[in-house]
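Commentary on secondary and tertiary structure
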Amino acid sequence: MTATFSALPYWLWGIELGIAAFFMFGFLTVYLNMTRRAFDTENDSAAHRLLWRVGLVVLTFVTGIALNIQGDFSETNSLMYYSLAVFVFVFPLTDEEINFVEYAIRAVGVVGIGLAHHMPVMGAVRTFGFAALLAWVVVVYLFHKRVRHKLLINLVMSVIYASLFWLTLPPTAIKVAGTQGRIETQGMMMYIIISTGVFVFWNSLWANRQRTQHYAKIASFDALTHAKSFSLYQHEAATMFADARVRQSPFTMVELDVDHFKIVNDQYGHLAGNKMLIQVATTLKTCLKQASAQYQVYRTGGEEFTLALPNTDLTQALPIVTQCWQSVRKQVCHYEDQAI
């Protein structure tokens, strides 16, 4: 079926723009939640993240194709459906964390919907439009980590794409002769307004997420040593104990403190003591990370730390703890030209 467009009275165009905005904000909410799961390296496994990343691609193609089909069968709302379909394919190109293969797959959708609407165009116009679209896809790849958060870049890319899509429509795509100019204007305006609105909405959600993560980090990690905090220890220790009991798996916890820490504070000052605590925590985290990604370090007191070693019995834990102990004892803390 050949895609066709109808010009609208501007009051009806405004209503369709509002409907399109509501749809896009709902789509973005779902997309953002899936993105969190797809790129959350701290709380999900690599296999689960891969499934969510595949899910993002599936969501894009299924939604974009469904909107495009709806536009094919719509008499008066085709411009809205086609605009939404185009944007649903274009928006995922600017995900910051995707790799080249993911980008290439998404780019196929963008190029495909462009060809679907411009296939009847023959000769130089078609060749130029296709070459320009490919060039646009390459440029977006080079800047895709900035497009999502830089208004000027986002606006420039939106204007270029809207121009490439709407100003090269074939005559067969226009239902009523003489309305091509108005259709092009309405299509470009709808795409640019949607793109800019999504930019503002997405960055508002992104900023809120960054603040939430920042506050969560403050609550969960010790501000000085960046080891996990005592409050998080209370929560996670109970969970790890319960999990070990259910799985009937070994679980070892180690409590330790820094010897003669009061002497360091009295002789060299609290700033020197703080630096020593940071160095001790860093050394412990490094040693445990080399042994297993499951192992955790908590600061549970002034100079007191607790190590959590799930799926590890005492025999397995002893050489790991010994390595931590020896590594800390070998450390020399340099503070104001003094070696502590």
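Residues numbered from 1 in each chain as written. Predicted model: local features only at pLDDT ≥ 70, side-chain atom pairs only at ≥ 80, totals over all residues. Heavy atoms only, no water.

**Observations concerning the overall build of the chain**
Using the following cut-off: Only DSSP runs of H or I reaching four residues or more are called helices, and only runs of E reaching two or more are called strands; each is numbered from the N terminus. A radius of gyration in this sense is built from C-alpha atoms; the matching globule rule multiplies 2.2 Å by the number of residues raised to 0.38. Values of accessible area rely on a 1.4 Å probe in the Shrake-Rupley scheme; residue burial ignores everything except the protein chains shown. In this charge count, Lys and Arg are treated as positive and Asp and Glu as negative; neither His nor the chain ends contribute. One atom stands in for each charge, and that atom is NZ of Lys, CZ of Arg, CG of Asp or CD of Glu.
Broken down by element type, the chain carries 11 helices and 5 strands. Whereas a compact globule of 340 residues would reach a radius of gyration of roughly 20 Å, the chain reaches 29 Å, over 25% beyond that. Overall size of the chain, expressed as C-alpha extent along the three principal axes, is 90 × 50 × 35 Å. Surface accessibility of the chain: about 18300 Å² in total, with carbon and sulfur atoms responsible for 64%. When the 25 basic and 23 acidic side-chain charges of the chain are each reduced to a single mean position, those positions are 5 Å apart.

**Let's talk about the state of the cysteines**
Just so we agree on the cut-off: In this description, the term disulfide denotes a pair of cysteine sulfurs within 2.5 Å. The cut-offs for exposure are 20% and 50% of the maximum accessible area for each residue type, with area from a 1.4 Å probe on protein chains only; residues under the lower value are buried, those over the upper are exposed, and the others partly exposed.
The tally for this structure, following the rule as stated, stands at 0 disulfides. Of all cysteine sulfurs, the one in C324 lies closest to C287, which takes part in no disulfide; the gap is 4.5 Å. Judged by relative accessible area, C324 falls into the buried class, the value being 2%.

**Observations concerning the packing of aromatic side chains**
What counts is decided by this rule: Pairing of aromatic rings covers Phe, Tyr and the six-membered ring of Trp, with a centre-to-centre limit of 6.5 Å; geometry is then stacked below 30 degrees between planes, edge-to-face above 60, and tilted otherwise. When the NZ atom of lysine or the CZ atom of arginine is within 6 Å of a ring's centre and also within 35 degrees of its normal, the charge is said to sit over that ring.
Under the counting rule described, the total for this entry stands at 19 aromatic pairs. Consider the rings of F91 and W202, whose centres lie 5.3 Å apart with planes at 70°: the pair is edge-to-face. Here F91, found in the loop between α3 (78-90) and α4 (100-118), pairs with W202, found in helix α7 (residues 180-220); they are 111 residues apart in sequence, far enough to count as distant. Neither residue differs from the other here; F91 and W202 are each classed as buried. Measuring from ring centre to ring centre gives 5.0 Å for F241 and F251, while their planes differ by 80°; the resulting arrangement is edge-to-face. Of this pair, F241 sits in helix α8 (residues 230-247) while F251 sits in strand β1 (residues 251-257), and the two are 10 residues apart along the sequence. A relative accessible area of 16% means that F251 is categorised as buried. Through pairs of rings, three or more aromatic residues link up here, namely F23, F27, Y31, F87, F91, W136, Y161, F165, W166, Y191 and W202. Its end group placed over the ring of F91, R148 keeps NZ or CZ at 4.0 Å from the ring centre. Positioned above the aromatic ring of W202, the side-chain terminus of R148 is 4.6 Å from the ring centre.

**Notes on the environment of A317**
Spelled out, the test is: Only heavy atoms matter for contacts: two residues are in contact if any of them lie within 4.5 Å across the pair.
Tracing the chain through its elements places A317 in helix α11 (residues 314-330). Judged by its relative accessible area of 3%, A317 is buried. Remark: the alpha-carbon pair of A317 and T252, spanning 65 residues in sequence, is separated by 7.1 Å. Discounting residues that sit within four places of it in the chain, A317 has contacts with T252, L309 and T312.

**What to know about the nonpolar core**
Stated formally: Residues belong to one nonpolar core when they are buried, are Ala, Val, Leu, Ile, Met, Phe, Trp, Tyr or Cys, and are joined through side-chain atoms within 4.5 Å.
The biggest cluster of nonpolar side chains holds 58 residues, and the ones touching the most others in it are W136, Y161, W166 and I194. Within the residue set of this core, elements represented by two or more residues are α1 (10-38), α2 (46-73), α3, α4, α5 (123-147), α6 (151-166) and α7. Core analysis: the next-biggest nonpolar cluster, separate from the first, contains 21 residues, A227, V258, A281 and A317 among them.

**Topic: the sheet that holds β1**
Rules: Strand pairing is defined by DSSP finding a minimum of two bridges between the two strands. Note on geometry: axes are lines fitted to C-alpha atoms, helical ones only across the stretch in contact, with angles between N-to-C directions running from 0 to 180 degrees.
With antiparallel pairing, 3 strands are arranged side by side in an open sheet as β1-β3-β2. Among the strands making up the open sheet, the edge pair consists of β1 and β2 (296-299). The sheet shows a mean angle of 20° between the axes of neighbouring strands, taken without regard to direction. Pairing of β2 with strand β3 (residues 304-310) involves 4 bridges; the strand directions are antiparallel. Directly across from Y298, in β3, lies its bridge partner T306. Across the sheet, α8 touches β1, β2 and β3, and the angle it forms with β1 is around 155°.

**Observations concerning α1**
Using the following cut-off: Expected helix span is given by 1.5 Å per residue-to-residue step, counting one fewer step than there are residues.
Taking 1.5 Å of rise per residue, 29 residues should cover 42 Å, and α1 covers 40 Å from first to last C-alpha, within 8% of that figure. Taken together, the buried positions of α1 are occupied by W13, E16, L17, A20, M24, F27, L28, Y31, L32, M34, T35 and A38. As for α1, its buried residues are in contact with α2, α3, α4 and α7.

**Considerations on the pattern of salt bridges**
Convention followed: A pair is scored as a salt bridge if a Lys or Arg side-chain nitrogen falls within 4 Å of a carboxyl oxygen belonging to Asp or Glu.
All told, the structure shown has 6 salt bridges when counted by the stated rule. R53 is the partner of E102 in a salt bridge, and the nearest nitrogen-oxygen pair spans 2.7 Å. Highlighted residues: E102 in helix α4 and R53 in helix α2, separated in sequence by 49 residues. Take E102 and R53: they sit in the same class, and that class is buried. For R247, the salt bridge goes to D243, with nearest N and O atoms at 2.9 Å. Linking R247 with D243, this pair stays in helix α8, spanning 4 residues, or about one helical turn.

**Some details on the packing of α3 against α6**
Definition in use: Working rule for angles: under 35 degrees goes down as roughly parallel, over 145 as roughly antiparallel, 65 to 115 as roughly perpendicular, anything else as oblique. In this scheme the handedness of a crossing depends on how the near helix is turned from the far one: anticlockwise by less than a right angle means left-handed, clockwise means right-handed.
At a closest axis distance of 12 Å, the pairing of α3 and α6 adopts a crossing angle of 130°. Looking at the two axes, α3 sits oblique to α6. Both α3 and α6 take part in a crossing whose hand is right-handed. Residues L79, S83, V86 and V90 of α3 form the contact with α6, whose participating residues are Y161, F165 and W166.

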